[in-house]
Protein chains: 2
Amino acid sequence: MAALSGVSVKTASRALSGEGYVAVETKARVQSAADELGYRLNRTARELRRGGNTSTLVGLLSGDLANPFYSRLASGLERELRMHGLQLITASTDENPEWERRLTDSLLERRVRGLVVASTMAEHGHLAAERRHGSPFVFVDRPPVDLTADAVLLDNRGGAKRAAEHLLERGHRRIGIVGDLSRLSTHQDRVEGFAEAMEAAGVADWRDYLLEDAHDVDKAERAVRALLARDPAPTALFTTNNRITTGALRAIGHTPFAATNKDAATHRDTATHRNAATDKDAATGNSAAGNSAAGKGTALIGFDELDLGDVLGVSVIAHDPEEMGRHAARLLLARLDGDDGPARRVVLPTRLIERSTTALT
Amino acid sequence: MAALSGVSVKTASRALSGEGYVAVETKARVQSAADELGYRLNRTARELRRGGNTSTLVGLLSGDLANPFYSRLASGLERELRMHGLQLITASTDENPEWERRLTDSLLERRVRGLVVASTMAEHGHLAAERRHGSPFVFVDRPPVDLTADAVLLDNRGGAKRAAEHLLERGHRRIGIVGDLSRLSTHQDRVEGFAEAMEAAGVADWRDYLLEDAHDVDKAERAVRALLARDPAPTALFTTNNRITTGALRAIGHTPFAATNKDAATHRDTATHRNAATDKDAATGNSAAGNSAAGKGTALIGFDELDLGDVLGVSVIAHDPEEMGRHAARLLLARLDGDDGPARRVVLPTRLIERSTTALT
DNA sequence: CTGAAAGCGCTAACAC
DNA sequence: GTGTTAGCGCTTTCAG
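The rules behind these values
Residues numbered from 1 in each chain as written. Chains lettered and ligands numbered in written order. Predicted model: local features only at pLDDT ≥ 70, side-chain atom pairs only at ≥ 80, totals over all residues. Heavy atoms only, no water. Near = heavy atom within 4 Å. Polar contact = N/O pair within 3.5 Å; in protein donor to acceptor, adjacent residues only side chain to side chain. Helix = DSSP H or I, 4+ residues; strand = E, 2+ residues; numbered from the N terminus. Least-squares fit on C-alpha atoms with pLDDT ≥ 70 in both. Contact = heavy atoms within 4.5 Å. Nonpolar A, V, L, I, M, F, W, Y, C, P; charged D, E, K, R; others polar. Phe/Tyr/Trp six-rings, centres within 6.5 Å; stacked < 30°, edge-to-face > 60°. Buried < 20%, exposed > 50% of the residue type's maximum accessible area, 1.4 Å probe, protein only. Lys NZ or Arg CZ within 6 Å of the ring centre and 35° of its normal. Salt bridge = Lys/Arg side-chain N within 4 Å of Asp/Glu carboxyl O. 1 Å grid on protein atoms, 1.4 Å probe; cavity = no way out; pocket = protein on both sides within 12 Å on 5 of 7 lines; lining within 4 Å. Points joined across faces, edges and corners; volume = space filled by probe spheres on them. Pairing = 2+ DSSP bridges. Axes fitted to C-alpha atoms, helices over the stretch in contact; angles between N-to-C directions.

Novice: For the protein's contact with DNA strand D, give the residues involved together with the corresponding values.
Specialist: The local shell around DNA strand D holds 20 residues, among which Arg14, Ala23 and Arg49 of chain A together with Ser13 and Tyr39 of chain B are the closest. Taking the atoms of DNA strand D that fall within 4 Å of the protein, sugar and phosphate contribute 66% of them. The side chain of tyrosine 39 of chain B places a nitrogen or oxygen atom 2.6 Å from a phosphate oxygen of DNA strand D. Asparagine 42 of chain B has a polar backbone atom sitting 2.7 Å from a phosphate oxygen of DNA strand D. Going through the elements one at a time, helix H4 (43–50) of chain A together with helix H4 (43–50) of chain B are the ones with two or more residues in the surface near DNA strand D.

In structure tokens, the structure reads:
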């Protein structure tokens, strides 16, 4: 113990934590002793003794931290929390409900100060007891089911409706729509918004061009190819999230530059665990330029902004993931500050960004 | 205490933690009592009592979690750790050394099991005492200075050299190079590699076209515009990371689709805190199509793969951030497993992906 | 299989 | 300014 090395006893606590009065000289002595021994305060023990919730940890559960949507959400959240002395601890659920449950337990056992979750579970009744006297929850992107809790959501329905209207206004009627896991509420809302606009326009058979459960870029690419191969091919496409839009762009295959393109290796080099698949994908990806004739004239609008969306000229329904994170942080901070009012629900707007992929030709 | 609600005392511990022998019936009784009270084990207290390092937390410090490079690194790291029962706690330093120091202290005080850090600090001698009997460190992306520790790095020099050679082979001699913060070792290595190739080719004045400290997309875009406005304008560009490449693409302004593009709002809607700037940027971004004539024929190769790099046809020096994360996890796990051999240094390869931006015309 | 006591590292509350 | 005592919630002994 640093106390022995110094001369005093557990007044070292005061010196190192900077709380309470300590003589300047004593403080210096303790400090240097601690430095020499490589000693540091044990924050865990401190939080235990302090009782209640003194932790400075806030948990975030999301499907996949590598998805720009979630990483930007995390970034906004983290920055806002940090300004209030809190730290973010993140975990990916891989959209697996069982893992989400396990990770939630784990974070709660760790007595996090609060929990922000983009849930992949079908219902959240099991958290009711927790919520009564535990850490506050904030749901992001997807609302709680069977539980009242704060939530920050997107206007999915409105955004999707706007996307469909935009395509309809430009004369399209056979519009393909490719979606994520069909069990996700965000997906359902987007399909609903789309349906609303289509039916209002008198297009009853829009479901013929609906493809769901395209959860990753490769699946999306295949889905889009399948759609474009239909006999009366769709003249336009609505892709309901960033990964799907990426897949669609690969399928449609813009090659903005000269075609002297011997891009043998695709960028999907991250998939080191699925070698066979990678090679095959590389081949199909490579043929994009060749196939492009099929979907080249197809109009496209996607939900979620893309990193190079402006450069590529992709029309999108955009929103602000970082803002979502900041909002979640603010709701959480309010709860930590004692706010025990009714659950709040914030719905963030989306907006249409019209670019070349839906330009009139 | 659940003990009271049940009938036994702190045998509840055994029941809930599942360690030691407990009658099946007793266990069930305790369980239901705990459920009802919304009680959960306090992992913090457990770890304290257990002494030493029993925590399951691993910290990651990086510059900016929203940067795809770091978020993919985090993703690979998190997945690998999770397979071994460990959890990831992340924090962004915003490339601010002072914050990095503070966050490091904070994580260490929390007795994380290990620390993975993409450091922004100039030296790390202060961690020497820590390393002796504290948690192991793994440096990623940037090597430790004044400290021996495990590290997973990229072949920055080789990759940059390859990029330069690629451009030189295609006849370019006036090659602009735009880099990140000049104090970062990754930047320096990349410039060195570039320099090596240029000097070997007899281009002595390459520094005339070097612009540094373009740390964000906007700065990069401006830097590239400035470069292209030089009198003998460069015929090719090497951008040394993903953000800079993005900025360059905006500046060069490919508009792959028809120019009926009224993209009034740029995608930089995230910058709600800098309204004035945003509007201005939007304007300049918007004029990309107009200005494009200036740099349209300019060859471009970037360090780091881009999300839509294949669709856009951007040549890059690619590598695998997720793999870097997995490697870091493995080094850390080995240390936790008792490995006390000399510090390891893993250097991951890069590879050239040749696409249309460097195609011969 | 279950219980009682002690103590992990720290800090609240009081002394001195 | 500083020291003392007790106890946060748990798990470790070591006994029943």
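Novice: How would you explain the relation of the copies chain B and chain A if you had to name every residue and give the values?
Specialist: Once turned by 180 degrees and shifted 0.1 Å along the axis, chain B lies on chain A with an RMSD of 0.1 Å. A rotation of that kind, with that shift, is consistent with a two-fold axis. Taken as a fraction of all interface residues of chain B, those also at the interface in chain A reach 100%, which identifies the copy contact as same-surface.

Novice: An account of the protein's contact with DNA strand C is requested, with residue identities and associated values reported.
Specialist: Looking at DNA strand C, there are 21 residues lining it, with Ser13 and Tyr39 of chain A together with Arg14, Ala23 and Arg49 of chain B nearest. Taking all atoms of DNA strand C within 4 Å of the protein, the share assigned to sugar and phosphate is 62%. Here asparagine 42 of chain A contributes a backbone N or O atom positioned 2.7 Å from a phosphate oxygen of DNA strand C. Contact distances for DNA strand C include 2.5 Å between a base nitrogen and a side-chain N or O atom of arginine 49 of chain B. Of all the secondary structure elements, the ones that give two or more residues to the surface near DNA strand C are H4 of chain A together with H4 of chain B. Considered class by class, the residues forming the surface near DNA strand C number 9 nonpolar, 5 polar and 7 charged.

Novice: Help me get a handle on the packing of aromatic side chains, residues and values and all.
Specialist: All names here are of chain A. Under the criterion given, the structure shown has 6 aromatic pairs over all chains. Both rings, one in phenylalanine 194 and one in tryptophan 206, keep their centres 5.8 Å apart while their planes meet at 75 degrees; by these two values the pair is edge-to-face. Taken as a pair, phenylalanine 194 in helix H9 (residues 185–200) and tryptophan 206 in the loop between H9 and strand S7 (210–211) lie far apart in primary sequence, 12 residues in all. For phenylalanine 194, a relative accessible area of 0% translates into the label buried. Among the aromatic residues, those joined into a cluster by ring pairs are Phe194, Trp206 and Phe238. Here the guanidinium or amino end of arginine 190 rests over the ring plane of phenylalanine 303, the centre of that ring lying 3.8 Å away.

Novice: Break down the pattern of salt bridges for me, with residues and values.
Specialist: Two side chains of opposite charge can pair, provided their charged atoms sit close to one another. Residues and elements named next belong to chain A. Under the definition given, this model contains 60 salt bridges over all chains. Residue glutamate 305 is joined to arginine 355 by a salt bridge in which the shortest nitrogen-to-oxygen separation is 2.8 Å. Here arginine 355 lies in the segment after strand S12 (351–353) and glutamate 305 lies in the loop between strand S9 (299–303) and helix H14 (309–312), a separation of 50 residues in the sequence. There is no split in this pair, since glutamate 305 and arginine 355 are both buried. Where arginine 326 meets glutamate 323, a salt bridge forms, and the shortest distance between an N and an O atom there is 2.8 Å.

Novice: Pulling in residues and values, what's your account of the layout of surface pockets?
Specialist: The probe, sized like a water molecule, is rolled over the atoms to show the empty space still left. The computed volume of the second largest pocket comes to approximately 1000 Å³. Lining the second largest pocket are 34 residues, and of these Arg40 of chain A together with Arg102, Asp105, Ser106 and Glu109 of chain B sit closest to its centre. A total of 8 residues in the lining of the second largest pocket trace back to one element, the largest contributor, which is helix H6 (residues 97–109) of chain B. The residue makeup of the lining of the second largest pocket, split by class, is 10 nonpolar, 10 polar and 14 charged.

Novice: Got a sec to walk through the sheet that holds strand S10 (residues 315–318) of chain B? Specific residues and values, please.
Specialist: Residue and element names in this part refer to chain B. In space, the 6 strands of this open sheet follow the order S7-S6-S8-S9-S10-S12, with mixed pairing throughout. Edge positions in the open sheet fall to strand S7 (210–211) and strand S12 (351–353), since each of these has one partner strand only. Of the pairings in the sheet, the one linking strand S8 (residues 236–239) to strand S9 (residues 299–303) comprises 4 bridges and is parallel in character. In the strand pairing of S9, alanine 236 is matched with alanine 299. Seen against the sheet, helix H8 (residues 156–169) touches strand S6 (175–178), S8, S9, S10 and S12 and runs at an angle of roughly 170 degrees to S9. Where helix H9 (residues 185–200) meets the sheet, it contacts S6, S7, S8 and S9, and its direction lies at approximately 170 degrees from that of S6.

Novice: Break down empty space enclosed by the protein for me, with residues and values.
Specialist: All names here are of chain B. Evaluated as defined, the whole model comprises 4 cavities of 30 Å³ or more. Of the voids in this model, the largest cavity is the one considered here, and its volume is about 180 Å³. Lining the largest cavity are 19 residues, and of these Asp141, Asp180, Arg190, Asn241 and Arg243 sit closest to its centre. Every element with two or more residues in the lining of the largest cavity is listed here: helix H5 (68–82), H9 and helix H11 (242–252). With 3 residues, the top contributor of residues to the lining of the largest cavity is H9. By residue class, the composition of the lining of the largest cavity is 4 nonpolar, 8 polar and 7 charged. Here the second largest cavity defines a volume of roughly 120 Å³.

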